[in-house]
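# Analysis of the macromolecular model
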Amino acid sequence: MALFEEEMDSTPMVSSLLNKLANYTNLSQGVREHEEAEDGVRRVAVMVPQMGTFIGVFLPCMQNILGVILFLRLTWIVGTAGILGSFAMVSMCCICTLLTAISMSAIATNGVVPAGGSYYMISRSLGPEFGGAVGLCFYLGTAFAGSLYILGTIEILLTYIVPTATVFDHDDEKLNNMRIYGTCCLVLMALVVFVGVKYVNKLALVFLSCVVLSIMATYAGVIKTVIEPPEFSVCLLGNRSLKNDMFDTCSKMETVNNDTVTTDLWSLFCDSKHPNATCDEYFSLNNLTEIKAIPGLLSGVIKENLWGNYGPANMVIEKTNLSSVPVEEPVKNTQKSYVFSDITTYFTLLVGIYFPSVTGIMAGSNRSGDLRDAQRSIPIGTIMAILTTSFIYISFVVLFGACIEGVVLRDKFGDSVKKNPVIGILAWPSPWVIVIGSFFSCCGAALQSLTAAPRLLQAIARDGIIPFLHVFGHGKANGEPTWALLLTVGICEIGILIASLDDVAPILSMFFLMCYLFVNLACAVQTLLCTPNWRPRFKFYHWTLSFLGMSLCLSLMFISSWYYAIFAIVIAGCIYKYIEYKGAVKEWGDGIRGLSLNAARYALIRLEEAPLHTKNWRPQLLVLCKLDSDLAVKHPRLLSLTTQLKAGKGLTIVSSVLQGTYMARKKDAHTGEQNLKAAMAAERTKGFSHVVVSSNLRDGFSILIQSAGLGGMKHNAVLMAWPAGWKQARDSSARQNFIETVRETTTAHQALLVAKNIDHFPGNQERLKEGTIDVWWIVHDGGLLMLLPFLLSQHKVWRKCKMRIFTVAQMDDNSIQMKKDLQMFLYQLRLDAVVEVVEMHDSDISAFTYEKTLMMEQRSQILKQMHLSRTEREREAQLIHDRNTASHSAMTDKDAGATPDRVHMTWTKDKMLNERNKQREGAAVKDLFNMKPEWENLNQSNVRRMHTAVKLNEVVVKKSHNSELVLLNMPGPPKNKKGDENYMEFLEVLMEGLDRVLLVRGGGREVITIYS
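Values in this document were obtained by computation on a predicted structure and should not be read as measured data. (Residues numbered from 1 in each chain as written. Predicted model: local features only at pLDDT ≥ 70, side-chain atom pairs only at ≥ 80, totals over all residues. Heavy atoms only, no water.)

Assigned secondary structure in the protein consists of 34 helices and 15 strands. Within the protein, contacts between residues at least 6 apart in sequence are counted, and of these 81% link residues at least 24 apart. Summing over all exposed atoms, the protein offers an accessible surface of approximately 50,300 Å²; the carbon and sulfur share of this is 58%. (Helix = DSSP H or I, 4+ residues; strand = E, 2+ residues; numbered from the N terminus. Contact = heavy atoms within 4.5 Å. Areas by Shrake-Rupley, 256 points an atom, 1.4 Å probe, with all protein chains shown as cover.)

Most of strand E12 (residues 802-809) is tucked away: six of the eight residues are buried. Looking at chain direction, strand E11 (residues 772-777) and E12 are connected through six bridges and run parallel. Residue pairing in the sheet places Val775 in a bridge with Ile805 of E12. On the question of chirality, the crossover connecting E11 to the parallel E12 by way of helix H27 (residues 784-793) is right-handed. Between E12 and its parallel partner strand E13 (residues 834-839), the chain crosses via helix H28 (residues 815-828), and the hand of that crossover is right-handed. (Buried < 20%, exposed > 50% of the residue type's maximum accessible area, 1.4 Å probe, protein only. Pairing = 2+ DSSP bridges. Right-handed = clockwise from strand over helix to strand, strands pointing away.)

Further remarks concern the sheet that holds E13. Read from one edge to the other, the open sheet built from ten strands follows the order E8-E7-E6-E9-E10-E15-E14-E11-E12-E13, with strand pairing classed as mixed. The open sheet has two free edges, formed respectively by strand E8 (688-694) and E13, since each of these has just one partner strand. Each adjacent strand pair in this sheet contributes to an overall mean axis angle of 20°, direction not counted. Bridge count for strand E6 (residues 621-624) against strand E9 (residues 717-721) is four bridges, and the pairing is parallel. Across the sheet, Leu622 pairs through a bridge with Val718, a residue of E9. (Axes fitted to C-alpha atoms, helices over the stretch in contact; angles between N-to-C directions.)

Judged by nonpolar contacts, the single largest core of 163 residues is most densely connected at Tyr354, Phe355, Tyr393, Phe400, Ile404, Val408 and Phe518. Ranked by the residues each element gives to this core, the list is headed by helix H7 (residues 117-161), at 23 residues. Not counting chain neighbours up to four residues away, the residues in contact with Phe400 comprise Leu74, Thr75, Val78, Thr218, Leu409, Ile423 and Leu426. In this structure, Leu631, Leu658, Val775 and Ile1008 belong to the second largest nonpolar core, which totals 54 residues. (Core = buried A, V, L, I, M, F, W, Y, C linked by side-chain atoms within 4.5 Å.)

A few words on the sheet that holds strand E2 (residues 240-241). Adjacent strands of a sheet form backbone hydrogen bonds with each other and so pair up, either parallel or antiparallel. Here three strands make up an open sheet; going across it, the order is E2-E1-E5 and the pairing antiparallel. Of all the strands in the sheet, just E2 and strand E5 (288-292) have a single pairing partner and so form its edges. One ladder, built from five bridges, connects strand E1 (residues 233-237) with E5; its direction is antiparallel. When the bridges of E5 are listed, Ser233 appears paired with Lys292.

Glancing now at a positive patch on the surface. Together, Arg684, Arg767, Lys796 and Arg799 line one region of the surface with positive charge. Turning to its location among the elements, Arg767 is positioned in the loop between strand E10 (751-756) and E11. Looking at Arg767, the relative accessible area reads 38%, which means it is partly exposed. (Patch = residues over 30% accessible without salt bridge, like charges linked within 9 Å, V, L, I, M, F, W, Y side chains within 5 Å. Salt bridge = Lys/Arg side-chain N within 4 Å of Asp/Glu carboxyl O. Lys, Arg positive; Asp, Glu negative; His and termini not counted. Charge placed at Lys NZ, Arg CZ, Asp CG, Glu CD.)

All right, on to the environment of Asn962 then. With respect to the helices and strands, Asn962 occurs in the loop between helix H33 (940-960) and strand E14 (965-969). Residue classification places Asn962 among the exposed residues on the basis of a relative accessible area of 63%. Note: C-alpha distance between Asn962 and Asp774 (188 residues apart in sequence) is 9.9 Å. At 3.0 Å, the side chain of Asn962 forms a polar contact with the side chain of His961. (Polar contact = N/O pair within 3.5 Å; in protein donor to acceptor, adjacent residues only side chain to side chain.)

Of the consecutive residues Trp428 and Pro429, the connecting peptide bond is found in the cis state with omega at 10°. Within the secondary structure layout, Pro429 lies in the loop between helix H16 (422-426) and helix H17 (431-463). Unusually for a residue other than glycine, His749 sits at a positive phi of about 55°. According to the relative accessible area criterion, His749 is exposed, its value standing at 60%.

Between two packed helices, the angle of one axis relative to the other and the distance separating the axes together describe the packing. Between helix H8 (residues 174-195) and helix H18 (residues 482-498), the shortest axis-to-axis distance is 10 Å and the interhelical angle comes to 160°. On the basis of their axis angle, the class for H8 and H18 is roughly antiparallel. Relative to H18, the crossing made by H8 is right-handed. Along the contact surface, H8 presents Met178, Arg179, Gly182, Thr183, Leu186, Ala190, Val193 and Phe194, while H18 presents Thr482, Leu485, Val489, Cys492, Glu493, Ile496, Leu497 and Ile498. Class assignment for the residues of the contact of H8 with H18 results in eleven nonpolar, three polar and two charged. (Parallel < 35°, antiparallel > 145°, perpendicular 65-115°, else oblique. Left-handed = near helix turned anticlockwise from the far one by under 90°. Nonpolar A, V, L, I, M, F, W, Y, C, P; charged D, E, K, R; others polar.)

Right, let's get into helix H12 (residues 347-354). Within H12, six of the eight residues are buried, leaving the element largely enclosed by the surrounding structure. Considering only its buried residues, H12 is in contact with helix H5 (68-72), helix H6 (74-108), helix H14 (374-403), helix H19 (501-529) and helix H20 (543-560).

Once that is clear, we can look at the state of the cysteines. Using the criterion set out here, one finds two disulfides in the structure. Through a disulfide, Cys270 is tied to Cys279; the S-S separation comes to 1.7 Å. Looking down the S-S bond of the Cys270 and Cys279 bridge, the torsion is 105°, so its handedness is right-handed. In this structure, Cys270 and Cys279 share a single accessibility class: buried. Here the bonded cysteines of the protein are numbered in sequence order, and their pairing is 1-2, 3-4. In this model Cys93 remains outside any disulfide bridge; the closest cysteine sulfur is found in Cys94, 6.8 Å from its own. Between Cys515, a free cysteine, and Cys137, which holds the nearest cysteine sulfur, the sulfur-to-sulfur gap is 8.5 Å. Classification of Cys515 by relative accessible area gives buried; the value is 0%. (Disulfide = S-S within 2.5 Å.)

What follows concerns a nonpolar patch on the surface. The grouping of Leu554, Phe558, Trp562, Tyr563, Ile566, Ile569 and Val570 at the surface amounts to a nonpolar patch, some 670 Å² of accessible area in total. Among the secondary structure elements, those contributing two or more residues to the nonpolar patch are H20 and helix H21 (562-582). Broken down by element, the residue count for the nonpolar patch peaks at five residues, all from H21. Looking at the element boundaries, Phe558 is found in helix H20.

Further remarks concern the pattern of salt bridges. If you walk through the whole model with that rule in mind, you get 19 salt bridges. Across the salt bridge formed by Lys419 and Asp415, the nearest N and O atoms sit 2.7 Å from each other. Among the residues examined, Asp415 registers a relative accessible area of 10% and is labelled buried.

Moving on to the confidence of the model for the protein. Caution applies to low-pLDDT parts of the model: their predicted coordinates are not meant to be read in detail. Here the protein shows a mean pLDDT of 80. Residues at 70 or above account for 80%. With pLDDT under 50 throughout, residues 887-909 is counted as low confidence; its partners more than four residues away or in other chains account for nine contacts. Scored below 50 in pLDDT, residues 918-938 makes 20 contacts in the model with residues more than four places away or belonging to other chains. (pLDDT = per-residue confidence, 0-100.)

We now examine the side chain of Ser640. Tracing the backbone through its elements, the reader meets Ser640 in helix H23 (residues 637-646). Residue contacts for Ser640: discarding those within four places in its chain leaves Glu683, Pro762, Gly763 and Asn764.

Now for the packing of H12 against H20. The N-to-C vectors of H12 and H20 enclose an angle of 115°; their axes lie 7 Å apart at closest approach. Contacts between H12 and H20 involve Thr348, Val351 and Gly352 on the former and, on the latter, Leu556, Ile559 and Ser560. Class assignment of the residues belonging to the contact of H12 with H20 gives a composition of three nonpolar, three polar and no charged.

Moving on, we get to the side chain of Ser960. Within the element layout of this structure, Ser960 appears in helix H33. Judged by relative accessible area, which is 2%, Ser960 ranks as buried. Ignoring sequence-local partners within four residues, the contact set of Ser960 consists of Asp774, Trp776, Arg804, Phe806, Val966 and Leu994.

What follows deals with the packing of aromatic side chains. For the structure shown, the criterion picks out 24 aromatic pairs. Measuring from ring centre to ring centre gives 5.3 Å for Phe130 and Phe518, while their planes differ by 45°; the resulting arrangement is tilted. Taken together, the residues Phe130 in helix H7 and Phe518 in helix H19 connect sequence positions 388 residues apart. Comparing Phe130 with Phe518 shows no difference in burial state: the two are buried. Connected via pairs of aromatic rings, a cluster forms that spans Trp266, Phe269, Phe283, Tyr338 and Phe340. Over the face of the ring belonging to Phe283 we find Lys252, whose NZ or CZ atom lies 4.7 Å from the ring centre. (Phe/Tyr/Trp six-rings, centres within 6.5 Å; stacked < 30°, edge-to-face > 60°. Lys NZ or Arg CZ within 6 Å of the ring centre and 35° of its normal.)

For the rest of this paragraph, the subject is the environment of Ala427. With respect to the helices and strands, Ala427 occurs in the loop between H16 and H17. Sequence separation between Ala427 and Thr218 is 209 residues; the distance between their C-alpha atoms is 4.3 Å. Non-local contacts of Ala427, meaning those with residues more than four positions away in its chain, are made with Ala217, Thr218, Gly221 and Ile434.

Laid out in C-alpha cells, this is it:
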C-alpha cells in the first residue's frame, strides 16, 4: 500500500471503515450520558438493540392509535354523522396516515435513522429550517396529546367511575371539575415521569393489554347481540330521549299493592306526586315508550343509522321515525330530564375531533434506535399497524350503526343508559371492562406523551438550530430532560385549562397534520430530485402518492378548523423565519438545498434561451477588491457602495486576486475568501465571494472578467477603486493593470465603474441629509449614467439627495433646445432631475495646458528609461563588462590621466545601473526649467486631450464642488498602447479637485428605455 501512503493520512482504509460500521451501536442520548455521568470518562457502549418488528413497531403503533377517541367519542361520531359519513371520515383519515406511512417508510429506509424518529427524518430531509419548525409543531402536538389523554382519563373517572366526586355540580361550572382533577393528575404523572421512565416502560404492557381486552370485549358483545341482545333499554317521552339515572320505571303510573301510584318520572315533570297535579304540557300529551338500547346486529337498525343527524347545541335528542305531539319548548326546570346535545355538530367539526384517533403512526420510528433492523421493521410494522387499526375503526363504525339505537349513539355521555359508556353497554361481559380498560389506556397514553415530548424537545435543543431552546437540552446526570419536562407540563396545563376534549382534539389534529404534511413533502422532494443518495430499501413508494398524502393533510387541516390551521401555519412560519435569520448554520444534505440547486439550474438554462431585454437590465456587479498583506479587505467602502447600488437585488460577485501558485497559496485563498464573506456580511452585501490565485495580477483580473458567473447569471458591470498610488509606485504594474482592465471590459461589452476616493464614500449606516448627485453626461453610452443615480436614490443613504444632470454644448449647438429635449427625455424616462446645459466654447490653449502636457510627456520618458526590462539591463551590464575586460590596459592608462569626475570604479551591475539612472534623472530635472522652447515639439494630440481635460475639469469643479457625488463619462484608453502612460494623467486632471467621483464607462448596449 506504499502507493497510497499520503492518502492514508486523511482517508481511512476500507478495512478500518468496515470495522467501524460493524461495531456501530445506536443508543439514545440518555443512555450514553448515563454511562458517562459517573466519572466523566467516555465508555464504550455495549448494549445492542434487540427489538423486532412486532414488539418494537407494531404494538407501540397499535397502542398509540387505539385510544381515547375510540372509547369516548366514536359511538357519538357514528350516531351524529351516520354510518356513511363516519365511513367517509374514517377512510379519509386512515388513507392520509397510510400515505404518510409509505412516505415515512421510504425516508426511514434511506440509510440509518438514529434515535429521534420523525424529527430526525424531516430535518435531515428538508433542512434545519423546516426541521425545526415541524419538529416544534410535532412537539406541541405530542404535548397537547398528553392533555387530551388526561382529559379523557378524568372524564372516565368523573362520569363513569366516581360521579359523586365532583366538586362543582352546577352545569355552568362542571368544566372546573375537569380543570381541578386534570391538574392534579398532570402533576402526579409528571412526578412519575421525573422519577424514572423505566416505570412507564414496565406498565406499557399492562396498558396495551387493557386496549386489546377492551376491543375483544366489544367484538364479543357484537357477536352476543345476534344470540341475545343486552338488557339495557331507553325511555322515550314521545320521541324524546330521557335520562334514566333518576328513575327505574319508564311509565307515568305503576301498581303497588293493588294501588295505582305515580312513578319517580312523574315527579320530574309534575309539581306533585298526586295524579291530579299540574304537569308539563309535553309530558301530558305524549306517551312513554321503552325501547332496547341495543336491538342487535340483525334488527335492521342499520337503515336508520345510515345518514347523519346534525344539529345545534342544546338540542333534545329525538328518535326521528317515532311520532309525537309537538308543543312549545319545555320549561326550564324540566330540561334536566332530557338528553341534550352539548355542542353544535357538523361534519368538519367531527373530522377534527376524530383525527387524533389515527395519530401515533410515528411510534415505531421514534424507537428506531432500539430496533434490531430499523430499515425492515419500520415499514412493515407501521403499515401493518395502520391497516389493522383501520380495519378495527371501519368495522366498529359499521357494527355500532348496525347494533345500537340511534338516540343512544347520539348520547355522548350515556345519560340514557344509566350513565354507562355507550360502547360499554355493547361490550361483553360487562360495561366495566370498557370503563377500566379505557381508563388505564388513557393513563398509559398520557404517560407516554409526557415521556416522549420532553425527549423530542431535548433533541431539537441539542441540534442547536434554535438558540433560545438551548436551556432545554440540559437534564439530569442520566440525560433525563428535566427542563423540557417542566415546559411540557406547562403546555399540557394549557390544554387541561381548556377542559374540553372536543376543543383540544382539533388543536392536536393541526400539529400532527402539519408534521405528516412535511413527511410527505420530504419524500416527494427527494424522489423528484433523484439525488444520488436517495436509495430507499422500501420500494413501494411514488412521488404522486406523497403529493396525494400532502394534499390530503392540507385539506384535512382546513376541513377540521380553518382558523386553527392558519394559526398552526403561522406558528410554523414564524419558527422557520426565526431559524433562517437567527439559527445556527447546519448542512445536513437536505432536499430543500437540492431543490434550490435544481431550481437554479433550471433558471440558468432558461436565462440563456433568449437575450435579455432592456427593461430587465440591472447591474450585475463584479467587484474587484484588493486585499492587504493580512488578507483583509483594503477598501470596505467599496462593498458599501455595492450594497447601495444593488439594494440586495441582482448578482454580486466580490472577488480578489492573489499572486503566486494555487498549491502554495491555497490556504491564503481560503482565508481571503472568508475575509471577503465577513466584510460582505458587515456591509450587508448579498452575493458571492471568490478569490483567484494567478501568476500575476493582470492575468487574474482577466480570468475573473472572462469567467466569473455562470450561464445567464454573469456580471455585466465591473466595479473597482481608482488606483490612487499609481504615481508613487516604483513600477508601472498598477497603471498597466488598470488600463488593461478597462480594455478587457470594453472588449467584453461590460460596463465599468471606477470610484475615486472610495474611502470617503458614505457607509451604509450614514444618512445624507441633503445634497446633490451630479451627472456629467458628455457622451451617450447606453444610459447607465442616468440609471445609476436612480438606483442610488433608492437606498436610504442617498434617498434625500437630488439628482442634477449637466450636459455640454459646443459652439454649433443650440443650448436652449438641448435643455428642452433633455427635460422631455428625462420625463419619458420617469426620472426626476434638474437639467443644466453648460456651454464650452473653443478657446486658445493656455500655457498651463502646455506645461501640464510637457511635464506629462517628460515624466513618461523618464519612466520609460527607468523601467527597462530585466533582459535589457542584464545585456547592457554584460556588454560593459566584456568591454572593460578586453581593453583593461588601455583603460588603465586613460584613467590615470583622467579628471576626478571620471575616476574608474570597480563596476558591478547594480552600481552601474544606479549611477546611470542618477545621471538620467538629473538631466530630466534640468530640462524641467527649460520647458517653453520645447512646446513646439509636443505631441499635438496630447495637447488637445489635456486641453479638454483641463477645461472640463474647470467647469465640473465650478458647478459640482459641493455635490455629494459626481458621475462622469470615463474616456476610453488609446487604441495605440504607446499612449498608455498619458491616459492616467488625463483622468487625474479630469478628476482633480473633486472628492467623490464615479467614472462610468458603458458596456455598449442600452440599459434604460422610455417604453413600458
